[in-house]
Amino acid sequence: MSAPAAFAARWSRLVVAVPYLWLLLFFLTPFAIVLRMAMSDADTALPPYAPHFEGFATLREFISKLDFENFRLLADDALYWDSYLQSLRLAGQTTLIALAIGYPLAYAMAAAPRHWRPVLLVLVVLPFWTSFLIRVYAWIGILRPEGLLDMVLGGLGLTSEPLRLLNTEAAVLIGMVYSYLPFMVLPLYATLEKLDRSLLEAAADLGATPVRAFLTVTLPLSLPGILAGAALVFIPSVGEFVIPDLLGGPDTVMIGKVLWNEFFSNRDWPLASTVAIVLLIVLVLPLALLQRARLA
Amino acid sequence: MRRSSPGSLRRAFQPWNDPNAKPLIEFRGVTKRFGSVTAVSEVSLSLYRREFFALLGPSGCGKTTLMRMLAGFEQPDAGEILLDGVDITAVPPHLRPVNMMFQSYALFPHLSVADNIAYGLKREGLPRAEIARRVAEMLALVKLDGLGKRRPDQLSGGQRQRVALARALAKRPKLLLLDEPMAALDRKLREATQFELMDLQSELGTTFMVVTHDQDEAMTMADRMAVMDHGGLVQIGPPDVIYEAPVNRYVAEFVGDINVLEGKVVAVEGDLVRIETALAGMVELDEEAPALSIGAAVLVGLRPEKIDLSHDEPAQSFNKVAGEIWDIGYLGDVTMIQVMVGGDSGRLIKVALTNRTRRAARPFAWEDRVWLSWDIEAGLVLPR
Ligand SMILES: Nc1ncnc2c1ncn2[C@@H]1O[C@H](COP(=O)(O)OP(=O)(O)O)[C@@H](O)[C@H]1O
Ligand SMILES: [Mg+2]
């Protein structure tokens, strides 16, 4: 290798190292700290967990005190399992509903005249200009008994008594679909807008009805957008804390809320960390498998 | 450069001259507008079974639009399109027995080559075994055996073009539309593909309509061609007729090279026409049944390969003019010589000399004083 080439190679290695360094500093290090907490015991004094780390001399002792007790506790308690399952189910439902609403929306946007598209895009991201919290609060006003929804439906004579949607699972679903819909629409729009229209003409030319052409050309070619959108909706939905807290009732126990309670109400940081780690595994494992399946 | 029509082998095939022949496709006064642009205006055209038809014209003259109306992707604003005598104007694309090879090929990127070819057959609901058989047949036809499992992005440009062709042919359409089929190929491949397409067409007996802006391509392949300009058809005919008897200056200049002289008709005796030109004096030419009146202002067209060059003054008393060589362009097969006629501020006339030997004595040089002369059969009259 010539000297300039070697220099370039060294440089490119350095450049590649930057994102790794970033990940190491801001992702792996905090993760290691949380993992360490998860394997520690609750303590009454601050910081509320033991063992403490006091220099490398006591490293062996420190390590020997780490254990999987919290993980065992988590596995044995049905409360945690139920809330994990409920979170996954609600996130799954949110994703499906967001897909069902988002796909036609993105499709219409991509089919709209070119000069209309930027306006439609702005409309999709417009809600982000107000605080997330305020928007969820607004839903309380809409969904509560005698709220906006009841007033409209009652006024139209469609319902005779209040719907009592607030503090139910349905309210949580409405809130989550509303909040995460743009994350579904945007990647879908990006793939659908790129779709070569002459492919649909070719399909029609070869005898495909419009529905057939959609199923055999548009849908498979928009799969990357569907997967990206689904991941962007599903992942934050699983750990969602604010929406179930504000819109859900006592039956809606999502894992994000459990996490909050462990951290701030029970002040059991080790158990809370365990909950967080398990959540991470639950989320990362299927994604990693998916990635491998796609590469294979 | 090929100037003669390959159709000479198929002289007997002239359904357009047969009053009893029923056209496969008929355009009747078809017009298509996009906003204020009239892409196709008042086109009437008949295509016959087994015909290889070429649509020739500059970019933007409406060739693709005309073809897309035939495939059903655009609706005419006026007029009708008939297939086998039946108006198909209202039939949606997926129900028309017409297939199109797209300019961009439009291959499905998520399907293998075999699945691309099978796509149309599956829509017909053919049995699996039959589809497999037809796909294999098509792959063999376009010489892509063994590449059925590849994805389009794993193919070269020429191979992709063949897949697009096979996919469009698989359904055995009555009419195959090809929109600039060779535009993305390099020259050698393009020439080879032209002849392959012609073989394929005569083998299958499918009617082909090819859109192109390349006159050599149109002349090589077509039984008949139409020259388009600004959405209208200017002339329809076999390539040799279009080349040797263009109806106007536009066609004459678009198809091949031509020198054009302004003149005035001074005598018409039977087929013989005498035209007085400002630049080259008296020009005499042979025109079949000329409908020219004495004194009419006309143009005389002279193809460069039909002009002779000499240092000495030719014996004939007309069809000659003196000039000075301004430029010599060696093109391999021919040498294109530009002669300035009528003084330094006159006109450049192009003359093409065939290079018959490898090391010719180069009889002509820059600034030579030379005589141009031509046969009575060389010139053609064009309306001014
Ligand atoms: N979908 C369309 N919308 C607006 N104008 C169009 C459209 N398609 C074609 N045109 C116009 O019609 C004319 C003919 O186009 P086209 O048929 O593509 O020409 P060609 O294939 O001969 O290059 C052009 O001026 C083009 O700009
Ligand atoms: Mg075109």
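For every chain, the first residue of the written sequence is number 1, and numbering continues from 1 along that sequence. Note on labels: chains are lettered from A, ligands numbered from 1, in written order. The predicted origin of the model limits local features to residues at a pLDDT of at least 70 and limits the giving and counting of side-chain atom pairs to 80 or more, whereas totals for whole chains, interfaces and linings rest on all residues. To get the side-chain values, take all heavy atoms of the structure and skip hydrogens and water.

Novice: Even after reading the chapter, I still don't get the overall build of chain A, so can you show me in this structure?
Specialist: The helix and strand inventory of chain A stands at 14 helices and 2 strands. In terms of C-alpha radius of gyration, chain A reaches 25 Å, well past the compact-globule figure of 19 Å for 296 residues. With respect to the three principal axes, the spread of C-alpha positions in chain A is 75 × 75 × 35 Å. Burial analysis of chain A (296 residues in total) assigns 36% to the buried set. The contact criterion used throughout is that any non-hydrogen atoms of two residues lie within 4.5 Å. Here the analysis covers contacts within chain A between residues at least 6 apart in sequence; of these, 71% occur between residues at least 24 apart. Of the roughly 17300 Å² of accessible surface on chain A, a fraction of 72% belongs to carbon and sulfur atoms. Charged residues are defined here as Lys and Arg on the positive side and Asp and Glu on the negative side; His and the ends of the chain fall outside this count. Just so you know, the charge point we use is NZ for Lys, CZ for Arg, CG for Asp and CD for Glu. Averaging the locations of the 19 positively and 22 negatively charged side chains of chain A gives two centres separated by 12 Å. Each helix corresponds to a stretch of at least 4 residues labelled H or I by DSSP, and each strand to a stretch of at least 2 residues labelled E; elements are numbered beginning at the N terminus. Our radius of gyration is a C-alpha quantity, and the globule rule it is checked against amounts to 2.2 Å times the number of residues to the power 0.38. Throughout, exposure labels follow a simple rule: accessible area from a 1.4 Å probe, protein chains only, divided by the maximum for the residue type, with under 20% read as buried, over 50% as exposed, and the rest as partly exposed. Note on areas: Shrake-Rupley, 1.4 Å probe, and residue coverage restricted to the protein chains presented here.

Novice: Help me out: how do you make sense of the pattern of salt bridges in this one?
Specialist: Close approach of charged atoms allows side chains of opposite charge to pair. All names here are of chain B. Salt bridges are defined by distance alone: a side-chain nitrogen of Lys or Arg within 4 Å of a carboxyl oxygen of Asp or Glu. Taken as a whole, this structure holds 26 salt bridges over all chains when the rule is applied. With a closest N to O distance of 3.2 Å, Glu26 and Arg28 form a salt bridge. With a relative accessible area of 39%, Arg28 lands in the partly exposed category. The salt bridge partner of Lys171 is Glu124, with a shortest N-O separation of 3.6 Å. With Lys171 in the loop between α4 (157-169) and β7 (175-179) and Glu124 in the loop between α2 (113-123) and α3 (128-141), the pair connects residues that are 47 residues apart, well separated along the chain. A cluster of three or more residues bridged by salt bridges with shared partners is formed by Glu130, Arg133, Arg134, Glu137 and Arg172.

Novice: What should I look at first to understand the domain arrangement of chain B in this one?
Specialist: Frequently, the measure chosen for interface size is the accessible area removed from exposure when the parts meet. Residues and elements named next belong to chain B. Domain boundaries shown here were taken from an automatic or database domain assignment. Under the domain assignment used here, chain B contains domain 1 (6-97 + 173-251) and domain 2 (257-305 + 319-383). Each of domain 1 and domain 2 was reduced to a C-alpha centroid, and the two centroids are 33 Å apart. Counting residues at the interface gives 7 residues for domain 1 and 8 residues for domain 2. Across the interface of domain 1 and domain 2, roughly 650 Å² is buried in total on both sides, 53% from carbon and sulfur atoms. The term buried area denotes the loss of accessible surface (1.4 Å probe radius) that occurs when two parts are joined, taken as the sum for both partners. Sorting the residues of domain 1 by area buried against domain 2 places Tyr243, Pro246 and Arg249 first, and these three jointly supply 73% of that buried surface. Throughout this description, a polar contact denotes any pair of N or O atoms lying within 3.5 Å of each other; where both atoms belong to protein, one of them has to be capable of donating a hydrogen while the other can accept it, and for residues adjacent in sequence the pair is counted only when both atoms sit in side chains. Applying the counting criterion to the domain 1 and domain 2 interface returns 2 residue pairs in polar contact (both at pLDDT 80 or more).

Novice: Just checking my understanding: could you explain the sheet that holds strand β14 (residues 297-302) of chain B for this structure?
Specialist: Paired through backbone hydrogen bonds, the strands of a sheet run either parallel or antiparallel to each other. All names here are of chain B. Strand order in the open sheet formed by 5 strands is β13-β12-β11-β14-β20, with antiparallel pairing between adjacent strands. The open sheet has two edge strands, β13 (281-286) and β20 (380-383), and neither has a second partner. Across the sheet, the mean angle from the axis of one strand to that of its neighbour is 45 degrees, orientation sign disregarded. The rule for pairing is simple: two strands pair if DSSP sees at least two bridges between them. Fitted lines through C-alpha atoms give the axes, limited to the stretch in contact for helices. The angle between two N-to-C directions lies from 0 to 180 degrees.

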